[in-house]
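Spelled out from the first residue to the last, the chains are:
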Amino acid sequence: MSAPKKLFIKTYGCQMNVYDSERMSEALGGQGYVETKSADDADMILLNTCHIREKAAEKVYSELGRFKKLKAKKPDLKIGVAGCVAQAEGQEIMRRQPLVDLVVGPQSYHRLPEMEEKARSGEKVLDTDFPEEDKFEKLKRRPMAKRGPAAFLTVQEGCDKFCAFCVVPYTRGAEVSRPADRILTEARDLVERGVREITLLGQNVNAYHGAGANGDLTLAQLIWELDKVDGLERIRFTTSHPNDMMDDLIEAHASCKKLMPYLHLPVQAGSDKILKRMNRSHTAESYLRLIERIRAARPDILISGDFIVGFPEETEADFQATLDLVEEVKYGTAYSFKYSTRPGTPAAERPQVDPAEADDRLQRLQALLTRQQREIQDSMVGREVGVLFEKPGRQAGQMLGKSDYLHAVHVADCDREIGDLARVRIVSSRTNSLAGELIE
Ligand code: SAH
Ligand code: SF4
Ligand code: F3S
């Protein structure tokens, strides 16, 4: 038998890309590839790319440029671009960087094995279709060795919301939900391989409406089905849109023990004028009332969010409204970005905010968000939380895991193993993590 070929995958962007990279690695496993951690000894390099902001997209070209020498040394090396830049820029990638052999969009990953064969025989191959067939069925997880205790599972993909700044509806396509039985089968398989925590993924995960035995299921109904899977201890989901936050999902946060007290619920901005221009179809007020209802159901829930500053026509007063909203919500974590013009999106055509002004706003917002994050993290000291151990810590005998609230927690002199779930008392709060002690 010939030696296995080596595959190097580099993943950019969101968690869905992480999930997709695993699927692509498995699909190419069938072609005789094993993964390698170094591009230098790879027979195939795949960049799984992100198009969300200009910087993310440009990174791809600079990374590709670096492979020139490698390819000169090793003419058989194949280079592929997958992900959202592949979808958005397609042929343009091969024009700009002739060393690329293969371009594959997110909806065509199941066709990767055939594409790889063509590329091996010297063809340039490109597939950025939105095919009808079920990609996920064809990309079934292959029985693999044991894996880490926390896994992602895509349940919904694509988006029909068309926020005025966002490329996702164009790169991921229309919103599609996977049938519930396939998700449950995948979840059971993950649990057999050692997984204890599953994060359900979707660009609009709470709009999930996959087919069940008796009609479509909501995300909450899917969560209750997963709740019955023995050995699965924790369920999370991301990312949610405020407009799809249904009552049954809020209720699940009150009564489903496996559903973790953490919710990523992006608002983007606090000014109704800007929200309207973003095509978000919620207001600051409706978002705040929603947060109130969620907290009434689950008082200790940690809220996380996404923000864009410097959206076209944002004034200082509009920005102030974002700060006011943040003050009211109190975020446990948050991601904030300077608006980045994306070609082809509606907002790209509008009057842009002065970049220096936008930078200044971003700094002010981040200062506030960092303070809140710190306060909430510090408030964990003295509390008892669940921790799922994921790996050994840097010091001997130390274990590292995630709390119910997704804080990193390390425990010294810890006799527990990877995959164990323990009750831990938080004893101190550091910059990016908490320290805890096992409760015997
Ligand atoms: N599906 C998720 C978000 C996907 S993108 C959702 O609906 O919330 C992740 C975050 O990137 C967005 O929430 C937004 O805050 C940010 N983002 C998207 N497009 C952007 C742009 N053009 N410029 C800056 N930030 C952007
Ligand atoms: Fe993008 Fe808006 Fe869809 Fe989220 S809801 S993926 S921000 S278009
Ligand atoms: Fe980026 Fe595509 Fe995810 S644009 S954020 S990789 S959906």
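All values derive from a computational prediction rather than experimental measurement.

Glancing now at the packing of aromatic side chains. If you walk through the whole model with that rule in mind, you get four aromatic pairs. The interplanar angle of 85° and the centroid separation of 6.2 Å between the aromatic rings of Phe165 and Phe311 together place this pair among those described as edge-to-face. Of the two residues, Phe165 sits in the loop between strand S8 (156–157) and helix H8 (168–171) while Phe311 sits in the loop between strand S15 (302–309) and helix H14 (316–329), which places them 146 residues apart along the sequence. The buried category is assigned to Phe311, whose relative accessible area is 0%. An aromatic cluster is present here, built from Phe165, Phe311 and Tyr339 joined pairwise through their rings. Taking NZ or CZ as reference, Arg23 lies 4.4 Å from the ring centre of Tyr19, over its face. The ring of Phe337 carries the charged tip of Arg53 above its face, separated from the ring centre by 3.7 Å.

Before going further, it helps to examine the site of ligand 1. Surveying the vicinity of ligand 1 reveals 14 residues, the closest of which are Phe165, Gln203, Gln268, Asp306 and Ser340. At 3.0 Å from a nitrogen atom of ligand 1 is found a main-chain nitrogen or oxygen belonging to Phe165. For ligand 1, an oxygen atom lies 2.6 Å from a polar atom in the side chain of Asp306. In the complex, the protein chains occlude 89% of the 530 Å² of accessible area that ligand 1 would expose alone.

Turning our eyes to something else, we now look at the packing of helix H9 (residues 180–192) against helix H10 (residues 219–227). Relative orientation of the contacting elements H9 and H10 amounts to 35°, with a least axis distance of 11 Å. Crossing geometry of H9 relative to H10 is assigned as right-handed. Between H9 and H10, the contacting residues are Ala180, Ile183, Leu184 and Ala187 on the first element and Leu222, Glu225 and Leu226 on the second.

Here we take up the environment of Val125. Within the element layout of this structure, Val125 appears in strand S6 (residues 125–127). What makes Val125 buried here is its relative accessible area of 7%. Between the C-alpha atom of Val125 and that of Val103, which follows or precedes it by 22 residues, the distance is 6.4 Å. Sequence-distant contacts of Val125, that is, excluding residues within four places in its chain, are made with Met94, Asp101, Leu102, Val103, Met115, Lys118 and Ala119.

As for its placement among the helices and strands, Thr171 is situated in helix H8. The exposure class of Thr171 is buried, given its relative accessible area of 2%.

In the vicinity of ligand 2, the residues found are Cys159, Lys161, Phe162, Cys163, Phe165, Cys166, Val168, Pro169, Asn204, His241 and Arg280. For the shell around ligand 2, the residue count by class is seven nonpolar, two polar and two charged.

Within the secondary structure, Leu325 is located in helix H14. On the accessibility criterion, Leu325 (3% relative accessible area) is buried. Aside from chain neighbours lying at most four places away, what touches Leu325 is Val267, Ala269, Gly270, Ala284, Tyr287, Leu288, Phe307 and Tyr331.

Moving on, we get to the sheet that holds strand S16 (residues 333–338). In spatial order, the strands read S14-S15-S16; together these three strands make up an open sheet with parallel pairing. The open sheet has two edge strands with one neighbour each: strand S14 (262–264) and S16. The mean angle between the axes of side-by-side strands here comes to 10°, regardless of whether they run parallel or antiparallel. Judged from the six bridges that link them, S15 and S16 form a sheet pairing that is parallel. When the bridges of S16 are listed, Ile308 appears paired with Phe337. On top of the sheet, helix H15 (residues 355–378) reaches S15 and S16; it is set at about 175° to S16, its chief contact.

The subject of this paragraph is the sheet that holds strand S10 (residues 197–201). The strand order across the open sheet built from three strands is S7-S10-S13, with neighbouring strands paired in parallel fashion. Of all strands in the sheet, those with a lone pairing partner are strand S7 (150–154) and strand S13 (234–238), marking the two edges. Each strand axis lies, on average, 25° off the axis of its neighbour in the sheet, ignoring direction. Relative to S10, S7 runs parallel, the two sharing five bridges. Bridging from a neighbouring strand, Ala150 pairs with Glu197 of S10. In the packing of H9 onto the sheet, contacts are made with S7 and S10, and the angle to S7 comes to roughly 165°.

The rules behind these values
Every chain begins its residue count from 1, and numbering advances along the sequence as written. To label them, take the chains in the order written and letter them from A, then take the ligands in the order written and number them from 1. The model is predicted, so local features are restricted to residues of pLDDT at least 70 and side-chain atom pairs to those at 80 or more, both for listing and for counting; the totals for chains, interfaces and linings are taken over all residues. Only hydrogens and water are set aside when side-chain values are computed; all heavy atoms of the structure are taken into account. Aromatic rings from Phe, Tyr and Trp, with only the six-membered ring used for Trp, were paired whenever their centres fell within 6.5 Å, and each pair was classed as stacked if the ring planes differed by under 30 degrees, edge-to-face if by over 60, and tilted otherwise. Helix and strand assignments come from DSSP, with helices taken as H or I runs of at least 4 residues and strands as E runs of at least 2, each series counted from the N terminus. Using a 1.4 Å probe on the protein chains alone, a residue whose accessible area is under 20% of its type maximum counts as buried, one over 50% counts as exposed, and one in between counts as partly exposed. Consider the ring centre and the ring normal. A charge sits over the ring if Lys NZ or Arg CZ is within 6 Å of that centre and within 35 degrees of that normal. The near set for a molecule or strand comprises every residue that places at least one heavy atom within 4 Å of it. Counting of polar contacts relies on pairs of N or O atoms within 3.5 Å, with two restrictions inside protein: one atom must be capable of donating a hydrogen and the other of accepting it, and residues adjacent in sequence are counted only when both atoms are side-chain atoms. Computed with the Shrake-Rupley method and a 1.4 Å probe, the accessible areas treat only the protein chains shown as cover for residues. Between N-to-C directions, angles span 0 to 180 degrees; the directions come from axes that are lines fitted to C-alpha atoms, helices contributing only their stretch in contact. In this scheme, a crossing is called left-handed if the near helix is turned counterclockwise away from the far one by less than a right angle; it is called right-handed if the turn is clockwise. Here a residue-residue contact requires only that any non-hydrogen atoms of the pair lie within 4.5 Å. When residue character is reported, Ala, Val, Leu, Ile, Met, Phe, Trp, Tyr, Cys and Pro are called nonpolar, Asp, Glu, Lys and Arg charged, and the others, Gly included, polar. Paired strands, in this sense, are two strands between which DSSP finds at least two bridges.

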